[in-house]
Number of protein chains: 2
Amino acid sequence: MDLAVYTHVPAEEMEAFLARYDAGTLVSAKGIAEGVENSNYLIDTSSHRFILTLYEKRVDVADLPFFLSLLDHLADKGLPVPRALRDRQGVQLQTVSGRPACLIEFLNGVSVTHPTPAQAHATGVALGRMHAALADFGGQRANALGPDGWVALAARCGDDLDAIAPGLKARVSEELAYLADNWPGELPHSVVHADLFPDNVLMLGDEVSGVIDFYFAAREVRAWDVAVTHAAWCFENDGTGFDQNRAAALIAGYDAAFGLSSAERAAFPALARGASLRFLLTRAWDWLNTPADALVTRKDPLAFLRRLDFYRDAVPGALGL
Amino acid sequence: MDLAVYTHVPAEEMEAFLARYDAGTLVSAKGIAEGVENSNYLIDTSSHRFILTLYEKRVDVADLPFFLSLLDHLADKGLPVPRALRDRQGVQLQTVSGRPACLIEFLNGVSVTHPTPAQAHATGVALGRMHAALADFGGQRANALGPDGWVALAARCGDDLDAIAPGLKARVSEELAYLADNWPGELPHSVVHADLFPDNVLMLGDEVSGVIDFYFAAREVRAWDVAVTHAAWCFENDGTGFDQNRAAALIAGYDAAFGLSSAERAAFPALARGASLRFLLTRAWDWLNTPADALVTRKDPLAFLRRLDFYRDAVPGALGL
């Protein structure tokens with residue numbers, strides 16, 4: 001059986017596709033399971049290794065030029081991000097098996113599951129360097145999963161939130177009201193990664209060898225990206241076990257590479273509550289719309305309710321700032 | 001979302017696992033989508049490339065020693081098959097993330113979708129060499145998907161066969177009766193691959209660089225393996241478009257490398273009907289037991305009813321023998 005969510009690309013078509021590039025001849029191609037958003041093949045040629053990505057329906061084709069120019073901008077400044085290659089005619093965005101597709105640089109490294117403080121520090125440094133590199137990036141993409149998006153997503157989930165956990169709808173409403181009053185929208189904005197979980201950071205030992213998966217990148221309060229990363233890196237998966245050493249290392253790395261202002265520090269609890277709410281709501285939506293017996297694992301929304309409660313109750317000094 | 005059928009192996013556990021071998025340090029690990037039978041990771045270390053396979057519930061752990069010794073036997077004789085490596089203590093079968101697991105040699109090559117006669121010839125040669133190498137292999141595994149298995153599987157499908165296509169149940173019964181009378185069980189037996197579809201042959205140009213996926217290997221009428229390969233390689237996927245040139249090349253390659261006796265040639269139509277029935281029935285069972293909206297693509301059973309009809313009606317001279 002094949003997974004229906006993936007597009008199968010015949011080897012013969014892959015060979016013809018690779019011939020558009022100065023990229024050697026096909027030696028191996030394996031479909032890789034990187035979530036179910038896109039179809040991805042790990043491709044080896046006689047000279048290089050690549051990822052071939054076919055964009056499936058969850059990525060808006062109209063956003064692809066933004067993502068490609070963002071990756072070019074970061075790669076040009078020396079950041080370890082997977083740039084899309086250009087064929088001999090200079091074209092990045094191709095069509096393979098009827099889908100929009102790109103041939104993308106392969107980056108070594110593995111995603112850690114239990115980050116050490118040294119790995120969190122390196123990630124903070126990488127995030128800071130990315131923000132520095134993005135200061136002069138002019139690309140525009142609104143953040144569909146920013147404050148306005150949370151209101152809309154909560155409304156779409158509606159009463160069903162209470163089917164996930166009793167009282168969740170009221171808790172979300174309370175949080176939306178808090179953030180409506182306290183969201184620090186006056187802080188500096190930038191294009192941000194917006195999804196820098198350990199899954200999206202490739203590491204070799206304690207070094208960051210790659211930052212990947214920019215498909216949520218958008219313009220937003222810049223320090224929100226730090227808060228998302230904080231929420232993603234400093235807890236157990238289930239939202240318990242906040243690790244203050246890891247958090248302090250992450251923040252110290254970011255501060256050394258880019259800097260976190262006193263205004264951003266003061267707003268950090270609100271930013272982190274917004275980060276937690278974003279993942280709580282998208283996971284709640286997926287939870288409500290994925291059958292329990294589906295072939296995909298539903299991620300527990302409550303793992304981010306626990307983070308939300310933590311950030312609401314924590315004294316700022318405990319956050320590692 | 002992660003695919004629920006795969007076991008997620010944390011990078012930290014992979015590093016500890018690799019340390020049992022003389023295999024370098026972890027550089028990259030990607031979950032690869034090779035059906036949904038097992039969890040497979042493509043792993044690069046500082047010195048080698050491997051496949052890490054975790055055996056999920058569809059493989060019987062009791063069969064693994066047979067498969068591992070079969071691959072060792074073939075690899076020792078120079079066949080391009082993916083052998084399981086031994087750790088420093090000589091152990092092949094390990095436990096990773098609670099599942100039985102092996103670290104397996106990586107083989108280059110891609111699976112072709114539209115085989116040329118030259119590629120079919122090379123596959124016939126590879127199959128013949130495999131049969132030659134297996135002449136002195138003593139491993140025992142009964143073929144659960146041989147003639148007795150077809151009767152049992154047809155009974156389990158029962159009246160539901162007619163839900164796939166009107167009259168299918170009667171057609172299957174008629175075929176089972178024919179094979180009960182005409183199955184050439186007196187022909188030489190051997191351990192056979194039993195599933196040598198293009199998916200399971202890795203090629204570089206016109207050369208076979210790997211034969212993979214031995215999880216249906218079992219002792220059976222040896223020439224049935226040739227018939228399975230004939231049915232797998234010489235039609236369009238949907239069972240139309242029999243390609244006599246491809247068939248003749250496949251048979252010529254096998255005959256040159258190992259030899260097909262006159263008795264095997266005479267029995268070939270019955271063997272090919274048995275091959276078609278085997279895949280018709282397993283696909284029918286999967287079809288009846290996979291929801292239409294599942295994340296896996298159901299393979300059409302009727303693609304093998306068409307092959308069955310073809311082999312029933314063809315004059316032997318048309319088969320490329």
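Residue numbers restart at each chain and count upward from 1, following the sequence in its written direction. Each chain gets a letter, beginning with A, and each ligand a number, beginning with 1, in the order they are written. Two thresholds apply to this predicted model, a pLDDT of at least 70 for residue-level local features and 80 or more for giving and counting side-chain atom pairs, whereas whole-chain, interface and lining totals are computed over all residues. Based on all heavy atoms of the structure, the side-chain values leave hydrogens and waters out of the count.

### Focus on the overall build of chain A
Only DSSP runs of H or I covering at least 4 residues are called helices, and only runs of E covering at least 2 are called strands; the numbering of each starts at the N terminus. Helix and strand content of chain A: 11 helices and 11 strands. Just to be clear, the radius of gyration here is over C-alpha atoms, and the globule rule we use is 2.2 Å times residues to the power 0.38. Here the C-alpha atoms of chain A give a radius of gyration of 20 Å, agreeing with the 20 Å that 2.2 N^0.38 yields for 321 residues. Projecting the C-alpha coordinates of chain A onto the three principal axes gives extents of approximately 60 × 45 × 35 Å. Relative accessibility decides the category of a residue: with a 1.4 Å probe and only protein chains considered, values under 20% of the type maximum give buried, values over 50% give exposed, and everything between is partly exposed. Taking all 321 residues of chain A together, the buried fraction comes to 57%. Throughout, a contact is declared for two residues whenever any of their heavy atoms are within 4.5 Å. Residue pairs in contact within chain A that sit at least 24 positions apart in sequence constitute 72% of those at least 6 positions apart. Accessible surface area values rest on a Shrake-Rupley calculation with a 1.4 Å probe, where residue burial reflects the displayed protein chains alone. Put simply, chain A shows about 12,600 Å² of open surface, and 52% of that area lies on carbon and sulfur atoms. In chain A, 27 side chains carry a positive charge and 41 a negative one; their mean positions are 1 Å apart. In summary, the charge assignment counts Lys and Arg as positive and Asp and Glu as negative, without counting His or the chain termini. In plain terms, the charge of a residue is placed at NZ if it is Lys, CZ if Arg, CG if Asp and CD if Glu.

### Focus on the side chain of His193(B)
Residue and element names in this part refer to chain B. Tracing the sequence through the fold places histidine 193 in the loop between strand E7 (189–192) and strand E8 (201–204). Contacts described as polar in this section are N or O atom pairs within 3.5 Å, which, within protein, must combine one atom able to donate a hydrogen with one able to accept it, while residues neighboring in sequence count only if both atoms come from side chains. Within the structure, histidine 193 has its side chain in polar contact with the backbone oxygen of aspartate 213 (distance 3.2 Å). If near-sequence neighbours (up to four positions away) are discounted, histidine 193 is found in contact with Met130, Asn200, Val211, Ile212, Asp213, Phe214, Phe216, Ala217 and Asp225.

### Examining the pattern of salt bridges
The salt bridge definition used is simple: a Lys or Arg side-chain nitrogen within 4 Å of an Asp or Glu carboxyl oxygen. Throughout the structure, instances matching the rule amount to 40 salt bridges over all chains. Linking Lys169(B) and Asp159(B) is a salt bridge whose minimum nitrogen-to-oxygen distance equals 2.6 Å. Taken together, the residues span a long stretch of sequence, with Lys169(B) in helix H6 (residues 168–182) and Asp159(B) in the loop between helix H4 (147–157) and helix H5 (161–164) at a distance of 10 residues. Taking the relative accessible area as the measure of exposure, Lys169(B) reaches 32% and is therefore partly exposed. Shared partners join several salt bridges into a network, and the residues in it are Arg171(A), Glu174(A), Glu175(A), Arg273(A), Asp309(A), Arg312(A) and Asp313(A).

### Digging into the domain arrangement of chain A
Residue and element names in this part refer to chain A. Where each domain begins and ends follows an automated or database-derived domain assignment. By domain assignment, chain A separates into domain 1 (11–105) and domain 2 (117–319). Each of domain 1 and domain 2 has a C-alpha centre, and the two are 28 Å apart. On the domain 2 side, the residues contacting the 18 residues of domain 1 number 21 residues. Buried area is calculated as the accessible area (1.4 Å probe) missing from two parts once they are joined, with the contributions of both summed. Summed over both partners, the interface of domain 1 with domain 2 comes to about 1,600 Å²; 74% of that surface belongs to carbon and sulfur atoms.

### Description of helix H8 (residues 244–257) of chain A
Residue and element names in this part refer to chain A. Under the convention used throughout, the expected extent of a helix is 1.5 Å for every residue step, that is, one less than its residue count. Helix length check: H8, at 14 residues, gives a terminal C-alpha distance of 20 Å against a target of 20 Å (1.5 Å per residue), a fit within 8%. Along H8, the residues that are buried comprise Arg246, Ala247, Ala249, Leu250, Ile251, Gly253 and Tyr254. On the buried face of H8, the contacting elements are helix H3 (117–133), helix H7 (222–233), helix H9 (262–266) and helix H10 (268–289). Two to three positions downstream of the cap, the backbone nitrogen of asparagine 245 sits 3.1 Å from a side-chain oxygen, assigning the N-cap of H8 to aspartate 243. A positive backbone phi angle near 110 degrees is found at glycine 259, which sits one or two residues after H8.

### A word on the environment of Ala84(B)
Residue and element names in this part refer to chain B. Within the fold, alanine 84 resides in the loop between helix H2 (64–76) and strand E5 (94–96). Taking the C-alpha atoms as reference, alanine 84 lies 6.0 Å from cysteine 102; in sequence the two are 18 residues apart. Contacts of alanine 84, omitting those with residues within four sequence positions, involve Leu68, Asp72, Gln92, Cys102, Leu103 and Ile104.

### Points about the side chain of Arg273(B)
Residues and elements named next belong to chain B. Mapped onto the elements of the fold, arginine 273 is located in helix H9 (residues 262–289). Residue classification places arginine 273 among the buried residues on the basis of a relative accessible area of 8%. Leave out the neighbours within four places in its chain, and arginine 273 touches Glu175, Tyr178, Leu179, Leu308, Tyr311 and Arg312.

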